[in-house]
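Residues per chain are reported as follows:
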Amino acid sequence: ADTASRRGAFAALVAEVDTLADGPIPAPARPATPGYARLVERFVVGELATRGDSHGEGHARIVRDTALAILAELHASSAVPQSEAESGAEPDGESDRRVVELAALLHDVCDHKYCDPQTDKGRDAIRRRDECLRSAASAEEFELVLAIVEGVSFSKEAKGLFDRASMPPRLRALRDVVSDADKLEAIGAVGLRRCIDYRRERDGQHASEAEDSEELARDVAVHCDEKLLRLSAAYIRTEPGRTLASPRHRMIVEWRAKFAASNNEAVLVSVVMTVRNCEPWLEEALASVVAQTYRPLELSVLDDGSTDKTWSLIQSLSPSLESAGVRVIAASTSPAKAGRGIGYGQNRAVSQSSGTFICFLDGDDVCAPTRVAKQLQLCQAKQLELCRPREVRECSDSVREGGSEVLEKVREGESLEFWEGAPSGVRKGESGKLEKLREGESLEIREGESGQLEPPTRRQRCNEEAREEPLQLREASGKAARQAGADPLPVLVGSGFTRDPIDATPRYTAWINGLTEQQLVQQRLRELTVIHPTWFCHRHTYERLGGLSEAGAGFPEDLDFFYRHLRNGGALARVPEPLLVWRHAESGVTASRGVSWEVIWAMRVEHLETTVLCKKPWSDGFAIWGAGKEGKRLYRSLSEKSRAQVREFCDVDAKKLALGRYAHYESGAFVPIMHFRNVKPPLLLCVKDFDGEFAKNLASLGLCEGVEYLHFSF
């Protein structure tokens, strides 16, 4: 039965390939097909008549249309150098179009898999091709087309058998156009089908036979790993080509993940890096990737225009990573095209990766060996936990507090009485059955009360309410995921960290490493509570929001994504153990980002107003704790509607209290300043020093964080 089930799963994977479809790439419109193209097209039809779809005349036409579409976009952006002969004799770019069209049509005629130049048959095929080409192109174009045809082979490029960098600029640019068009026919649905078609053509196998399906699916999976998943990052050269490749690459990633599940493989994790001038630290960072205890692992790295030896290091160290079981997907941008920001680099590195889960790493940081394993374990556990029906999740959370120090495990199916106001879904006096608890989970019951639970205290109710906001945010996506069984629930996982040097940002490091899981959400208005270098998430968590903003320098991409993640029902989690050495470097991709405090402040205020102040009890009025510069700056930054909700400022400083009120001259409003013991919650804490006497004063009020007060300033 198991064998039949496996065969059925593999047969379904092979059959699925026939149902997949790539979006069409139409060629630019033109009045009529030129005579030279019709001549060569007739020749190609005759030469490729006996070949399968993967190398047939239909493939040649598609590559021609795609190449012309890419060329048109490049010409529109002036990205292709023109021939000096085009100064007036021909319409602008016509020679480029002729070279590209001829090379695209002829690129497979003498492919090494079908044409051996050491045989008479192969030499005759080459002679016929060259004669046809001479009749359709000038002498200069003839040489360009042959050079392009010789340079589009994936195997030659992968083995370094031709030197692309030494090509003249125009030849290299036109070669990249044809090469991208050809490789796009190996990415996505068409790439998967070509693999199957070639296997059938070669061996005469038929996927409809169940006993062949597993072997055929395995062949396709190996082809994905060895070639198809590498094409987009390392071998697609033009910007239009990368744009066209992105959805096709995603299709291969998804098919490969389904094969992994059918084959009982562990999920693939991609370590994603964007690096720039990281030569001093890169080797140590990559060594920490190799040292990870988890496999399978992939490294997707983008060098964003380094001017030092960063790219050379990536190339020289890649073989050792591959031999250690880490697949390397590496790409680079030229220094001339660099500097488009961290968002662009991170998005491209994620886009070219293949993992189901994404682990972010900066080129100057170092991972602990267990980082991937521990963050993956927590991420998967949180996804499962958040998928539990809400009433079960809330019951197991809310009745833990209070009562005996002795924890009694509730037997499956045992009845408990619930109090008035108990978690939703349980009515007063109803004897409800609890779902089976997770292994080792317990409930606290007051000793001697036979399972009769005490009503919660005010603090307990506040703690429930503090959990309520993230639960509400996640409930809609959780319900949809349970019903559809589709996308995983979005969880962003961080970890503890240490700094290098150890005295870099000591206050910030101590604060963030000391946060509880609830405070990851509760203190989100102060700063990032899960720092970007420690991020780990499911691919869907990142892609559902479109990745990082590509606004460029001066924009806090990480804080923007963090807030969008929370606003769209995302959850936060953290492995408390320090799993990263976060280096404070003077250079590198994350250094000197030029983000002003005003931009960060404005983003925090916007998040405050859109996620807190618009909801009760805040919308009914609140107090700002801090009548100094920070508190007044916050008041002035609020919208008119939000300022109207501020009942008073509170403070402990005698001079501020003596003023009695704060005058906002722009609006003509006067806001009272009161002693902190005389104000009612909720309170928005906006002071610089949260330690010492302030912490004691706050604790003396016995308020519940997240419900009765929130931190704003750091």
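All figures in this text were calculated on a predicted structure; none of them were measured in a lab. (Residues numbered from 1 in each chain as written. Predicted model: local features only at pLDDT ≥ 70, side-chain atom pairs only at ≥ 80, totals over all residues. Heavy atoms only, no water.)

Colleague: Sorry if this is basic, but what is going on with the pattern of salt bridges here?
Modeller: Pairing between side chains of opposite charge can happen when their charged atoms approach one another. Enumeration according to the criterion identifies 47 salt bridges in this entry. The partner of Arg 97 in a salt bridge is Glu 94, and the shortest N-O contact between them spans 3.5 Å. Of this pair, Arg 97 and Glu 94 both sit in helix 4 (residues 94–106), three residues apart, roughly one helical turn. One salt bridge in this structure joins Arg 127 and Asp 124, with 2.3 Å as the shortest N-O distance. A residue pair is termed a helical-turn pair when its members lie 3 or 4 positions apart in one helix, as Arg 127 and Asp 124 do in helix 5 (residues 120–134) at three residues. Shared partners join several salt bridges into a network, and the residues in it are Arg 30, Glu 41, Glu 57, Arg 61, Arg 64, Asp 65 and Glu 101. (Salt bridge = Lys/Arg side-chain N within 4 Å of Asp/Glu carboxyl O. Helix = DSSP H or I, 4+ residues; strand = E, 2+ residues; numbered from the N terminus.)

Colleague: Is there a simple way to explain the sheet that holds strand 4 (residues 357–360) in this structure?
Modeller: Pairing between the strands of a sheet is mediated by backbone hydrogen bonds and can be parallel or antiparallel. In spatial order, the strands read 3-2-1-4-9-8-10-5; together these eight strands make up an open sheet with mixed pairing. Across the chains shown, the open sheet's two edge strands, defined by having one partner strand only, are strand 3 (326–333) and strand 5 (366–367). Where strand 2 (residues 297–304) meets strand 3, eight bridges bridge the pair, whose relative direction is parallel. Note that in strand 3 the partner of Asp 303 across the bridge is Ser 332. With respect to the sheet, helix 12 (residues 279–290) is in contact with strand 1 (269–275), strand 2, strand 3, strand 5 and strand 10 (571–583), its orientation differing from that of strand 1 by roughly 175°. Across the face of the sheet, helix 21 (residues 557–567) comes into contact with strand 8 (491–500) and strand 10 while running at roughly 160° to strand 10. (Pairing = 2+ DSSP bridges. Contact = heavy atoms within 4.5 Å. Axes fitted to C-alpha atoms, helices over the stretch in contact; angles between N-to-C directions.)

Colleague: I keep staring at the pairing of strand 10 and nothing clicks. Help me out?
Modeller: As defined by bridge partners, strand 5 adjoins strand 10 across two bridges and the pair is classed as antiparallel. What sits directly across from Val 366, in strand 10, is Val 581.

Colleague: Is there a simple way to explain unusual backbone geometry in this structure?
Modeller: Most peptide bonds adopt trans geometry, and most residues besides glycine take a negative phi value. A cis amide bond links Lys 616 to the next residue, Pro 617, at an omega of 5°. In this fold, Pro 617 is placed in the loop between helix 22 (597–613) and strand 11 (622–625). For the peptide bond that leads from Pro 681 to Pro 682, omega is 10°, which places it in the cis range. For Pro 682, the location among the structural elements is in the loop between strand 14 (669–675) and strand 15 (683–685).

Colleague: Looking at this structure, how should I read the environment of Tyr 114?
Modeller: Position of Tyr 114 relative to the elements: it lies in the loop between helix 4 and helix 5. Taking C-alpha positions, Tyr 114 is 9.5 Å from His 55, a pair spaced 59 residues apart along the chain.

Colleague: Would you explain the packing of aromatic side chains in this entry?
Modeller: Counting across every chain of the model gives 20 aromatic pairs. An angle of 45° between the planes, with centres 5.5 Å apart, marks the rings of Phe 360 and Tyr 542 as tilted. Here Phe 360 is found in strand 4, whereas its partner Tyr 542 is found in helix 20 (residues 539–543), with 182 residues between them in sequence. Judged on exposure class, the residue Phe 360 and its partner Tyr 542 are both buried. Among the aromatic side chains, those forming a connected cluster through ring pairs are Phe 360, Trp 535, Tyr 542 and Phe 561. When the ring centre of Tyr 344 is taken as reference, the NZ or CZ atom of Arg 340 above it lies at 4.1 Å. Residue placement shows Arg 604 over the ring face of Phe 712; its charged tip is 4.4 Å from the ring centre. (Phe/Tyr/Trp six-rings, centres within 6.5 Å; stacked < 30°, edge-to-face > 60°. Buried < 20%, exposed > 50% of the residue type's maximum accessible area, 1.4 Å probe, protein only. Lys NZ or Arg CZ within 6 Å of the ring centre and 35° of its normal.)

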